[in-house]
Amino acid sequence: MTPQEKIRVLIVDDIAETRENIRRLLQFDTSIEVVGIARSGHEAIDLSQQIKPDVIIMDINMPDMDGITATEAIRRKIPYAQVVILSVQSDLSYMRRAMLVGARDFLTKPPSIDELTAAIHRAGAMAHEEHSKINVGFPSGTSPMGVVAPNVANQLGKIIVLYSPKGGTGVTTIATNLSIVLKTSENRVVLVDGNLQFGDTAVFINEPIKNNVLDLTSRVEELDPEVVDEVIIDHKATGIHVLAAPPRPEWADKITADQFAKLLQYLRQLYNYVVVDTASYLTDVVQAALEISDLIILITTQDIPSIKNSNAFLTLADASGIPRERIVFIMNRFDKRISISPERVADSLHQEVVTSIPVDERIVSNAANRGIPFMVDNKTQPISKTILNLAEIVKERLAKLDEAEVEQLRKK
Ligand SMILES: Nc1ncnc2c1ncn2[C@@H]1O[C@H](COP(=O)(O)OP(=O)(O)O)[C@@H](O)[C@H]1O
Ligand SMILES: [Mg+2]
């Protein structure tokens, strides 16, 4: 950003006093210029189209149209404009919905002057950068390095978190193979290792770890496609990109939940699917990923400890306001000779087991030992068919959730 390029801000709030307070807080920062003030969601949309602000400070609760709906509409019309949500609730479900429709940041009312200006500076820099990208006009969505530039005009990618509350259940095995299936000529996929201490996704695809997730979270406010391109592992055999865990367990502590969530939000602008592998221990980082995810694949095995933990997790999910529709519950290492059937588990946990992946020691351990996922060279085996099926279930469920969300927006 050159010094003369001011950040042009639109303030949206239905309460006059709040609008005035924000305007007053901003008048001392010479790099910020308030170019418009709107009193409602509708007015915000109209005004945005006329004045094309860089940053919109958006209230959530407004009588005619809530701030999230207005954000969605504005982001569609002016994709480079960045929205900072201001809300009295620090409610995570609000934050999630806001992020889903493309909000850049989320502040709780009343923000301090430092918080507010810092958020505007970050958002403003982003807006200027996106704007300049549009102006130089890369051929539809590609940047010079062949990485898709932030695909702001299109739909954001989906975040799919694979989780099991018990270790050794097959999370990494399934995350890796599912990523490979989701990768097609149209769909870009990144597999992010959220098992920050002892992550092994890179091992599963036999790639040495050079750069890792820490290289992105440490500069999460200033990411661009080139930086991501430098850090990710490009797995040539499958086309998936992998963001490895740090090579040293003690480095995990350097990554905050907030940074990790922001990284995932950024990646969804570049990839159609952001698949997250996790550890069973519910760290802040894993919780943040679960909260902002579009879909959670919860994995159990056919044994009581694992089922008990899945039950505890579902109870926690209920309490945290994660709807059951967002959870795809599956059983791994399924053996039909064992009497604990998927149906019985579904009954007792009140959650359908949507598919069962068979136990196949030979294929799975062979793949792990060679570092070649079985979806690469063993596509026709029964276990592989269940992974293909899982990918279909995932896509269907995501489409259903999208529909429900649109329907909800329409009702408002
Ligand atoms: N369907 C399966 N059949 C046989 N072995 C499996 C299956 N799924 C996973 N495994 C094995 O279980 C172990 C744990 O798998 P992994 O994917 O590392 O689990 P997690 O990531 O949950 O710790 C590995 O040795 C893996 O080869
Ligand atoms: Mg694992």
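Anyway, here's the lowdown on the structure attached to this text. Note that this is a predicted model, so its numbers are computed, not measured.

1. Brief notes about the pairing of strand β7 (residues 189–193)
Look at any regular strand and the pattern is simple: side chains alternate between the two faces of the sheet.
Now for step 1: Counted residue by residue, β7 has five buried out of five residues, so it is predominantly covered.
Now for step 2: Residues of β7 alternate between two faces, with Val-189, Leu-191 and Asp-193 on one and Val-190 and Val-192 on the opposite face, all of them buried.
Now for step 3: Across five bridges, the pairing between β7 and strand β10 (residues 273–277) is parallel. What sits directly across from Val-190, in β10, is Val-274.
Now for step 4: Examined bridge by bridge, β7 and strand β9 (residues 241–243) share three bridges and lie parallel to one another. If you follow Leu-191 over to β9, its bridge partner there is Val-242.

2. Here's the deal with the sheet that holds strand β11 (residues 295–300)
The strands that make up a sheet are held in pairs by hydrogen bonds between backbone atoms, and each pair lies either parallel or antiparallel.
Now for step 1: Pairing is mixed across the open sheet formed by eight strands, whose spatial order is β8-β9-β7-β10-β6-β11-β12-β13. Taken across any chain shown, the strands that pair with only one partner, and hence form the sheet edges, are β8 (233–234) and β13 (353–358).
Now for step 2: Inspection of the sheet shows strand β6 (residues 158–163) paired to β11 by four bridges, in the parallel sense. Looking at the pairing, Val-161 lines up with Ile-296 of β11.
Now for step 3: Of the strands in this sheet, β12 (327–334) and β13 touch helix α13 (residues 342–349), which is tilted by about 145° from β12.

The rules behind these values
Think of each chain on its own: its residues are numbered from 1, step by step along the sequence as written. Each chain takes a letter, starting from A, and each ligand takes a number, starting from 1, following the order in which they are written. Note on the predicted model: pLDDT of at least 70 is required for a residue's local features to be given, and 80 or more for side-chain atom pairs to be given and counted; whole-chain, interface and lining totals, by contrast, use all residues. Hydrogens and water molecules were not included; the side-chain quantities draw on all heavy atoms of the structure. Categorising residues by exposure relies on relative accessible area from a 1.4 Å probe, with only protein chains included: less than 20% of the type maximum marks a residue as buried, more than 50% marks it as exposed, and the intermediate range marks it as partly exposed. Numbering of helices and strands starts at the N terminus; helices are DSSP runs of H or I of at least 4 residues and strands are runs of E of at least 2. In this scheme, strands are said to pair when DSSP sees at least two bridges between them. By definition in these notes, contact holds between two residues if any of their heavy atoms fall within 4.5 Å. To define axes, lines are fitted to C-alpha atoms, for helices over the stretch in contact only, and angles between the resulting N-to-C directions are given on a 0 to 180 degree scale.

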